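Understanding the architecture of this molecule
Single-letter residue listing:
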Amino acid sequence: MSNIVEAKSLRKNYGNFTALDGVDLTVPRGAISGLIGPNGAGKTTTLKALIGLCDVDGELSVAGRDPRIARHKLMEDVCFVADVGILPKWLKVSQVIDYVEAVHPRFDRKKAEKFLSTTDIPKNKRIKDLSKGMVTQLHLSLVMAIEVQLLVLDEPTLGLDIIYRKEFYDRLLNDFYDGNRTIIISTHQVEEIEALLSHLVFINKGKIVLDSLMSDLPDTYAEVIVDVDKVAQADALQPIYIRDLLGKKSYTFESVPREQLEVLGELHTPSVADLFVAKLKEEKNG
Amino acid sequence: MDKFAVLQFYGLLKREVLEHKNLFIGAPTVVALLILVATTWVATQIDQNQLAEGLRYVSILFDGLSPFDMAPFFMLVAIPFYLTLYVCSVIYLINTLYQDRKEMSILFWQSMPVSNFQTVLSKIVAIVLVAPIFYVLIIFAMYLIAMVWLTILGISNDVDLVGIGWMFLAAIASLVLIYISAFVTSLWLLPSIGWLLLFSAFAKKTPLLWAGGVFILVGFLEDFVFGTQYLANWVASRTSDPNQYLIFEFQSVFERIFNYDTLFGIVVGSILIAGAVFMRRFTD
C-alpha cells in the first residue's frame, strides 16, 4: 500500500516554543488515521503543515505534492474540516454552496444538496444563525460532495453534543469513506473514533511517540490485569505503564511475547485511550 | 484562460461583493439618498416659478452641446461619491486580508483550491474595477430619479424637454468619465493599495495602525539618517493634488497612465502586492 502522506524531520518553532520537533509520519492510502495527542502536542500544527497552511522545515509530501509550494493544487485532492468556527459567519448557506461550486472543480452540487436535504439546515440562513451542530453538518455536506483523496479533520466535533458527534462519524463512514480515500482525524474524544481507525499516531511535545497500524497493535502492546501473587514477575518484564484498577494492578507492556504475559493474569489489547496514557507516561518517565 | 478559471474568478469577486456589500453598495446608496433628500428639501425652499425659470435656463444651456463637453458639470456633482469610494477603499484594503485571519475563516478559504495570488488579485479587481461599477450604477439611478422629477417639473411649467434630454446624456457621459477616473486613480494610487494590502496580510492586530506607524517610522528614519524627505514628499505629491483624481476628457487617459510617475508607482505597487501574496501564504 503506498503512502498518501510522507513526512520526515518536520520542525516548527513559534518563538521559543517548539511545536514540531522532528516529526516523522507516514499515512497509508485508504487508511483512517487517528492523530492523538494532548493539548499543545503539535496536532494542529502537523495537520496545518499537511495542507500547506503552516511553514515547516523538513521533507513533506502529501498526495504526491509539497503543500508548501502547491497548496492550491493540493487542495483539489484534499479537504480540510477544522473545528466548527471556520465557515465564514456572514455567508448564507446557499452562498457557501455557490462559492464552493464556483471555485472547486470536483464539487458536486447535487450531492451536497442531497446531503443537506437530510438535515434541518435552512438554505437561506446565515451561518452565524446556525447551531454548532448544523455548521458541522453543513461543512461535512460540502466536503462529502467533493471527490478528494484525503480528508483532514482537526477536532471536527469539538463542542458538539453526543447525537451530532455520532451522526458525524456515521455519515463520514457511510457516505464518504469508500476504502480508497484516506481520512486523518485529530481529536480528544479517542473512544468515539477508536472503532473507525485503521492507523494510529500519537504525538507529544512535537514528537511522534507511536505510529502503527491498528492491526499491528495486538502484536506489540498488551495489557494484563496482574494476579496479586505475580506482581514481582510482572515488574521484571519492564512494563511501560502500571495503574491501579479496582484493587488490582493493570500493567501495559510493549514488545513482550504474549506467552510470557498470559501466565501473569487476564490479558488483552489495551484500548487506544489506555495506550495513549501509557505511552505518554512512558515518555514522561523517560 | 479556460472556462472554469473564469467562473472561479467570478466566484471570488462575488464573494468580495457579498462580504463587503456595505462598502460596495450600502455606502453609495446612503450618499445618493442623502443627496436626493437634500435636493428635495432645497427645491421645496425655492419658489416654484424661480425653479421653473432655472430649469428653463439650464435646459437651454445643455441643448445641442456635446454630452462629453458638459459631463464635467455632473462629475463635480459626483464628488461625494468619489470621496466615499476612497474612504471605503481604504477600509476595504486594510481589512480584507486581516478579517478572515481574525475570525479564522481563512482556514476555510485556504482549504479551497484557490491560490493566494488569485485571492489577492480578486481583491484588487473587486475594489478597482467592480466597486466603481456599483457606484456608477447608483449614481445613474440617482440621476434617473432626478431626471424624472425634472421632466415632470418641465412638463408642468412648459419647459423645452429636449434640453433636459441633453442634460441626461451629459449625466451618462459623466458616469463613463467617473468610472475611468476611478480606474486611472487606482493605478496612480497602486503603491497605497499595495501598502495597505501588505499590512492587511501581515498584521496580527490593528493593521491600520501598522500601516500608518511603519510609514511614519520609515519616513522618520529617512529624515534622521539621510536628512531627506523623499518618501514623504513622494507620497504627498501623489495624494494632495486633486487634479490626479478626476479625468474630464478621454484624450488625457493615455498620458495619465503612460507617464514615468504612474508607471513607477505601478512597479512599486506591484512589489508591495507581491509582498502581500507572500505574507498570505501561511496562516500562522
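What counts and what doesn't
- Residues numbered from 1 in each chain as written.
- Chains lettered and ligands numbered in written order.
- Predicted model: local features only at pLDDT ≥ 70, side-chain atom pairs only at ≥ 80, totals over all residues.
- Heavy atoms only, no water.
- Helix = DSSP H or I, 4+ residues; strand = E, 2+ residues; numbered from the N terminus.
- Buried < 20%, exposed > 50% of the residue type's maximum accessible area, 1.4 Å probe, protein only.
- Contact = heavy atoms within 4.5 Å.
- Areas by Shrake-Rupley, 256 points an atom, 1.4 Å probe, with all protein chains shown as cover.
- Pairing = 2+ DSSP bridges.
- Domains from an automatic or database assignment.
- Buried area = accessible area lost by both parts, 1.4 Å probe.
- Salt bridge = Lys/Arg side-chain N within 4 Å of Asp/Glu carboxyl O.
- Axes fitted to C-alpha atoms, helices over the stretch in contact; angles between N-to-C directions.
- Parallel < 35°, antiparallel > 145°, perpendicular 65-115°, else oblique.

Quick look at the overall build of chain B
Regarding its fold elements, chain B presents 14 helices and zero strands. Reading the helices (α) and strands (β) of chain B from amino to carboxyl end gives α-α-α-α-α-α-α-α-α-α-α-α-α-α. When the 284 residues of chain B are sorted by exposure, 46% land in the buried category. Contacts spanning at least 24 positions in sequence make up 84% of the contacts within chain B whose residues lie at least 6 apart. Surface accessibility of chain B: about 14,400 Å² in total, with carbon and sulfur atoms responsible for 75%.

Considerations on the pairing of strand β2 (residues 17-28) of chain A
Residues and elements named next belong to chain A. Here nine bridges tie strand β1 (residues 3-14) to β2, and the two strands are oriented antiparallel to one another. Directly across from N13, in β2, lies its bridge partner T18. Here β1 folds back onto β2 in antiparallel fashion, the turn holding two residues, of which G15 has a positive phi close to 65°.

Focus on the domain arrangement of chain A
Residues and elements named next belong to chain A. Parsing chain A into structural domains produces domain 1 (3-205) and domain 2 (216-285). Each of domain 1 and domain 2 was reduced to a C-alpha centroid, and the two centroids are 34 Å apart. In this assembly, nine residues from domain 1 lie in contact with nine residues from domain 2. The largest share of the area that domain 1 buries against domain 2 comes from E194, F202 and N204, three residues that together contribute 53% of it. Across the domain 1-domain 2 interface, the total number found is zero salt bridges.

Some thoughts on the packing of helix α1 (residues 3-19) of chain B against helix α2 (residues 21-45) of chain B
Residues and elements named next belong to chain B. With their axes 5 Å apart at the nearest point, α1 and α2 run at an angle of 55° to one another. The angle between α1 and α2 falls in the class oblique. Contact with α1, carried on its side by V17, L18 and E19, involves K21, F24 and I25 of α2 and no other residues of that element.

What to know about the pattern of salt bridges
Side chains carrying opposite charge are able to pair once their charged atoms draw close together. On inspection of all chains with the given rule, the structure shows 24 salt bridges over all chains. Between R243(A) and E223(A) there is a salt bridge, and its shortest N-O distance comes to 2.9 Å. Note that R243(A) is positioned in strand β11 (residues 241-245) and E223(A) in strand β10 (residues 221-226), a separation of 20 residues in sequence. When the shortest N-O distance is used, the salt bridge between E53(B) and R56(B) registers 3.0 Å. Here the residue E53(B) and the residue R56(B) both occupy positions in helix α3 (residues 48-62), the gap between them amounting to three residues, near one helical turn. A relative accessible area of 26% means that R56(B) is categorised as partly exposed. Through salt bridges with shared partners, a single network forms among D98(A), E101(A), R109(A), E113(A), K123(A) and K14(B).

So, the pairing of strand β12 (residues 248-254) of chain A
In terms of strand pairing, β10(A) meets β12(A) through six bridges, oriented antiparallel. Directly across from V224(A), in β12(A), lies its bridge partner Y251(A).

Details of the environment of V148(A)
Residues and elements named next belong to chain A. Examined against the element boundaries, V148 turns out to sit in the loop between α5 (132-144) and β6 (150-154). Put simply, V148 and R126 are 22 residues apart on the chain and 27 Å apart in space, counted from C-alpha to C-alpha. Those residues in contact with V148, other than ones at most four positions away along the chain, are E76, D77, V78, C79, F176 and R181.

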